[in-house]
Protein chains: 2
Amino acid sequence: MEKKRFRFDKINLGHGSGGIMTRELLDELIFKTFNNPYLDQKHDGSIVNIEGKIAISTDSFVVSPIFFKGGNIGELAVNGTVNDVAMCGAIPKYLSLAFIVEEGLKADAFSEIVETIKATADRCGVVVITGDTKVVERGKGDKIFINTTGFGAVHPEAEISAKRITIGDKIIVSGNIAQHGMAIMSQREGLKFESDIESDTTNLNFLIEDLLNSFGAKIKLFRDPTRGGLASTLSEIATDTNIGILIEEDKIPLERQVAAACEILGLDPMYVANEGVFVAIVDSEIASNVVAMMKQDSKGLNAVCIGEITNDHKGKVVMQSAIGGKRIVTPLIGEHLPRIC
Amino acid sequence: MEKKRFRFDKINLGHGSGGIMTRELLDELIFKTFNNPYLDQKHDGSIVNIEGKIAISTDSFVVSPIFFKGGNIGELAVNGTVNDVAMCGAIPKYLSLAFIVEEGLKADAFSEIVETIKATADRCGVVVITGDTKVVERGKGDKIFINTTGFGAVHPEAEISAKRITIGDKIIVSGNIAQHGMAIMSQREGLKFESDIESDTTNLNFLIEDLLNSFGAKIKLFRDPTRGGLASTLSEIATDTNIGILIEEDKIPLERQVAAACEILGLDPMYVANEGVFVAIVDSEIASNVVAMMKQDSKGLNAVCIGEITNDHKGKVVMQSAIGGKRIVTPLIGEHLPRIC
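Given the structure is predicted, the values throughout are model-derived calculations rather than measurements. (Residues numbered from 1 in each chain as written. Chains lettered and ligands numbered in written order. Predicted model: local features only at pLDDT ≥ 70, side-chain atom pairs only at ≥ 80, totals over all residues. Heavy atoms only, no water.)

All names here are of chain A. By the assigned domains, chain A splits into domain 1 (13–154) and domain 2 (162–329). In this structure, domain 1 and domain 2 have C-alpha centres spaced 28 Å apart. Across the contact, 22 residues belong to domain 1 and 23 residues belong to domain 2. Here domain 1 meets domain 2 over a buried area of about 1800 Å², counting both sides, of which 58% is carbon and sulfur. When the buried surface of domain 1 facing domain 2 is broken down by residue, K69, N83 and M87 rank first, second and third, together holding 33% of it. Measuring nitrogen to oxygen at the nearest pair gives 3.5 Å for the salt bridge that ties D196 to K69. Connecting domain 1 to domain 2 are 10 residue pairs in polar contact (both at pLDDT 80 or more). Residue assignment for the side of domain 1 that touches domain 2 shows that the elements contributing at least two residues are β2 (67–68), α3 (73–87), β4 (90–102) and α4 (107–124). Ranked by residues supplied to the side of domain 1 that touches domain 2, first place goes to α3 with 9 residues. In terms of residue class, the side of domain 1 that touches domain 2 is made up of 11 nonpolar, 7 polar and 4 charged. (Domains from an automatic or database assignment. Contact = heavy atoms within 4.5 Å. Buried area = accessible area lost by both parts, 1.4 Å probe. Salt bridge = Lys/Arg side-chain N within 4 Å of Asp/Glu carboxyl O. Polar contact = N/O pair within 3.5 Å; in protein donor to acceptor, adjacent residues only side chain to side chain. Helix = DSSP H or I, 4+ residues; strand = E, 2+ residues; numbered from the N terminus. Nonpolar A, V, L, I, M, F, W, Y, C, P; charged D, E, K, R; others polar.)

Bringing the sheet that holds strand β5 (residues 127–136) of chain B into the picture now. One open sheet holds the 8 strands; their spatial order is β5(A)-β4(A)-β6(A)-β1(A)-β1(B)-β6(B)-β4(B)-β5(B), and the pairing between them is mixed. Each end of this open sheet is capped by a strand with a single partner; those strands are β5 (127–136) of chain A together with β5 of chain B. Strand after strand, the sheet turns through a mean of 25° between neighbouring axes, direction not considered. Of the pairings in the sheet, the one linking β4 of chain A to strand β6 (residues 144–154) of chain A comprises 11 bridges and is antiparallel in character. Counterpart to I100 of chain A in the pairing with β6 of chain A is F145 of chain A. On top of the sheet, α4 of chain A reaches β4, β5 and β6 of chain A; it is set at about 175° to β4 of chain A, its chief contact. (Pairing = 2+ DSSP bridges. Axes fitted to C-alpha atoms, helices over the stretch in contact; angles between N-to-C directions.)

What follows is about the relation of the copies chain A and chain B. One chain copy maps onto the other through a rotation about an axis and a shift parallel to that axis. With an RMSD of 0.0 Å, the fit of chain A onto chain B corresponds to turning through 180° and sliding 0.0 Å along the axis. The superposition of one copy onto the other is thereby described by a two-fold rotation axis. A share of 100% of the interface residues of chain A reappears at the interface of chain B, consistent with the copies meeting face to face through the same patch. (Least-squares fit on C-alpha atoms with pLDDT ≥ 70 in both.)

This next bit is on the UniProt feature "domain: PurM-like N-terminal" (unreviewed entry) in chain A. UniProt feature "domain: PurM-like N-terminal" (unreviewed entry): in the numbering of this structure it lies at residues 44–154 of chain A. Helix makes up 30% of residues 44–154 of chain A and strand 49%, whereas the separation of the span's terminal C-alpha atoms amounts to 26 Å. (UniProt positions renumbered as here; feature names shortened; annotations may be inferred.)

What follows deals with the pairing of β5 of chain A. Residues and elements named next belong to chain A. Most of β5 is tucked away: 8 of the 10 residues are buried. For β4 and β5, the ladder comprises 9 bridges, and the chain directions are parallel. Pairing of L95 across the sheet is with V128, part of β5. Each parallel crossover has a hand, and for β4 linked through α4 to β5 it is right-handed. (Buried < 20%, exposed > 50% of the residue type's maximum accessible area, 1.4 Å probe, protein only. Right-handed = clockwise from strand over helix to strand, strands pointing away.)

Here, the residues flagged by UniProt with the feature "domain: PurM-like C-terminal" (unreviewed entry) are residues 167–319 of chain A. Secondary structure over residues 167–319 of chain A splits into 35% helix and 18% strand, and the C-alpha atoms at its two ends are 17 Å apart.

Moving on, we get to helix α8 (residues 256–265) of chain A. Three- or four-residue spacings in an α-helix give side chains the same orientation, since the helix completes a turn every 3.6 residues. Residues and elements named next belong to chain A. Looking only at α8, the buried set comprises Q257, V258, A261 and C262. All buried residues of α8 fall inside an arc of 140° around its axis, so they share one side. In α8, the exposed residues that point more than 90 degrees away from the buried face are R256, E263 and I264. Of the residues that open α8, the one with a side-chain oxygen 3.2 Å from the backbone nitrogen of Q257 is E255. One or two residues past the end of α8 sits G266, with phi positive at roughly 70°. (Arc of directions from axis to C-beta.)

Given below as structure tokens:
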């Protein structure tokens, strides 16, 4: 019979007390799993060395369900923040990690999530250096929420800024959209397809680094279209910079089953969350080389140029449809996919 | 009639969608309140300049109630993380800020908390540089949870490490203990005293900086005894370093009404959370000067030396009682004060 890892089956309020039970949980699970000199200081914080410009990003993850096709909340929490740091043109290096656990969460589930976080962090090349665990009463949370804050050194060649975007720049999407949102929604709705739709959650930092190594300042902007989808991300860029964005509907990469799932649920894939896709806005002269380089990478196999920056309809995103019509793409209003990440 | 600040009375799921409503909430409340160039980038992250050794600390705050005598969850979230960074011997400079809001939270309450965060950050001399807002369904959270991650440059003279503690070092407490926990508990239990017990939540970073300026490496350790109280903090230090700690019961600074409240509720003040107190373990030769300097500061008026590091009972904290007996102070087991911070 397998030896049980913990003396307890479920997380209870005592694990958030700051006393012996908290320490036992940390020692048995967190410190053993992560096992690095930063955490071993067991202080309230950690000390690292970084020089120069540092990119910092924070995100809380509240996805429901916490385990889904293609990943779990822990994987999402690492990839999501690693990607946000990368989108700033930086090389992610360190993560902080904070849990809010609902009393009654199964110790095995917590353990699996923590181990996934460690494996994902290793894959991303980042180190978890400090953390926190709080426990709330049953019915005052929902199994587990995770905050990660990530930081890394800005790439020396990077000049990522929406202000640098100019007319004629090309808009590239790194892969098929709407995978993550539809994986979660299919699971919630109990939809079955020929094969299951899996979340696209993955880390994009190495591909971003390669692109910066090769193209430097000719890359104007990176953004990952998570909550609100591609439509909301492009709309925000157009609004904030008062430029026009023209995209072509039939260029947008979308997997057949995901498209079918969207149709069944009445969702527009342009508004559905992605967790392994990014948008690059680049100088037109490098666009085809950027797409070619992305396609060489497993994270960018379906990369494609979907449109460009125009002088028309400033502050708006316009989509040219397959049959020739044009429509304005508005950002998401309200919410149709709560707690997708 | 006062003009309403928002077009909505309550936070709803749409405010966490990543779409227009999220943007409206951020523009109206967050960006206007904090109004700094870091946040104005409106990117997924922020870029700052720091050189050298950086201290990083993260904490999620889940205190209930969210408004209490002496503060609210927002003030706690700033002071708590600022203090944790300071305890590493660092000068806090930047904060990330992430909210998990329960659907239905009153917009006014959220607004008040955000404004408190801004005022507290200003008082601490830190800048909120990046953030995140998620909304969960009613009954899946509890009004609001806040994560802050703080960072700052390590003081050039600081050599904070439990490993540097040696026999004879003195243990100093900066102020009256158990205030925060008893403020929360009195409010929950509806206890009334001659005057209300107020949380001691405050920022300790400037006093810490002054001490490091004056005494540098002769200060061995700073710790703030929050969850689990003074007993748990001292026990952890003793266990982790395998040194003996001897403290004197009648030296421990405790306000009369707080002592009374503890007695009524059957709580030992040694285990009750503090949010504006720190422990300093220092070379014996500077101990009286450290206490004197603390007493000059409004944050350290009740500072006192409560004991010392001994060669006896390694790994344990022993308390000498007022009437001469000795007892071992164990860390908190289980939980008697859930969601105190």
